[in-house]
Amino acid sequence: MPVARETLKHIKNGVKRASDVGGAREAQAEATRRALIGAARELFTERGYHDVGIREVAEKAGVTRGAFYHHFGDKESLFLAVFDDVEREMMARDPKRARAGADAWEQFRQGIQSYLDAAMRPDVQRITLIDAPAVFGWARWRKLEEGYGLGSMMQALDAAMKAKLIRRQPVEPLAHLLLGSVMEAAMLIAHSEKPKQRRAEVGKALDSLLRGLE
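Parameters and conventions
- Residues numbered from 1 in each chain as written.
- Predicted model: local features only at pLDDT ≥ 70, side-chain atom pairs only at ≥ 80, totals over all residues.
- Heavy atoms only, no water.
- Axes fitted to C-alpha atoms, helices over the stretch in contact; angles between N-to-C directions.
- Helix = DSSP H or I, 4+ residues; strand = E, 2+ residues; numbered from the N terminus.
- Parallel < 35°, antiparallel > 145°, perpendicular 65-115°, else oblique.
- Contact = heavy atoms within 4.5 Å.
- Salt bridge = Lys/Arg side-chain N within 4 Å of Asp/Glu carboxyl O.
- Buried < 20%, exposed > 50% of the residue type's maximum accessible area, 1.4 Å probe, protein only.
- Expected span 1.5 Å × (residues − 1).
- Polar contact = N/O pair within 3.5 Å; in protein donor to acceptor, adjacent residues only side chain to side chain.

Quick question: what am I supposed to make of the packing of helix α6 (residues 122-136) against helix α8 (residues 171-190) here?
A pair of packed helices can be characterised by two numbers: the angle between their axes and the separation between those axes. Across the interface, α6 lies against α8 with an axial gap of 10 Å and an inter-helix angle of 100°. The pairing of α6 with α8 is recorded here as roughly perpendicular in orientation. From α6, Q125, L129, I130 and P133 reach across to α8, where they touch M183, A186, M187, I189 and A190.

Dropping the structure here:
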């Protein structure tokens, strides 16, 4: 019995060491992936997707080209990861911008204005509004944007209708129409020679449109 217990102890220790090594490798792999995304995000923002090469991204991230290809099949795959990083960051920030005590509809309207503010940022403009439609193609880009914003927009509209803050109507088509309006407003800002002026104009126009639903 003592021999059996000692053998079991060695087995458990071996499993623990293997688990620790595996965990360290996973952490290192994730750190490398984040470094590549961070480096690419900075370079894509500065010069745009088409003027940045894979070797340059790897060098800035401090990794080899082999490490790059271990995580991303090509530059477009990396760009998709960067695009996702920017979009998720914006989604995470929006709820914090809502004024305390605001009802569901006011929070929704504030969220729209928050997104338009974000469209003034160089990384959001270059990566999600200028390069993304060209890299992915218009149809795929719109599908991706729907994936980030359509569901939350439908939930917000449904909550506002249930609270009788806006008129009851089919939620999904309304959400599609509003998302299209918001994206068009953001594109106008990103491509404008006077983005601050355009931001004020489209923000006012969109809020007026939304208030018409009350």
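Continuing now.
It is not clear to me how the pattern of salt bridges should be interpreted in this structure. Could you clarify?
Side chains that differ in sign of charge can pair as their charged atoms come close. Applying the stated criterion across every chain, the model contains 19 salt bridges. Note that E201 is salt-bridged to R198, the shortest N-O span being 3.1 Å. Taken together, the residues span about one helical turn, with E201 and R198 both in helix α9 (residues 195-211) at a distance of 3 residues. Taking the relative accessible area as the measure of exposure, E201 reaches 36% and is therefore partly exposed.

Which parts of the structure should I look at to understand the side chain of D207?
Here D207 is to be found in helix α9. The contacts of D207, once residues within four sequence positions are left out, are R109 and Q113.

Help me understand helix α5 (residues 104-118), please; the structure alone is not making it clear to me.
A rise of 1.5 Å per residue sets the reference length of α5, with its 15 residues, at 21 Å; its end C-alpha atoms lie 21 Å apart and thus fit the reference within 8%. Among the residues making up α5, those that are buried are W105, F108, R109, G111, I112, Q113, S114, Y115, L116 and A118. Where α5 begins, the side chain of D103 points an oxygen toward the backbone nitrogen of W105, at a separation of 3.1 Å.

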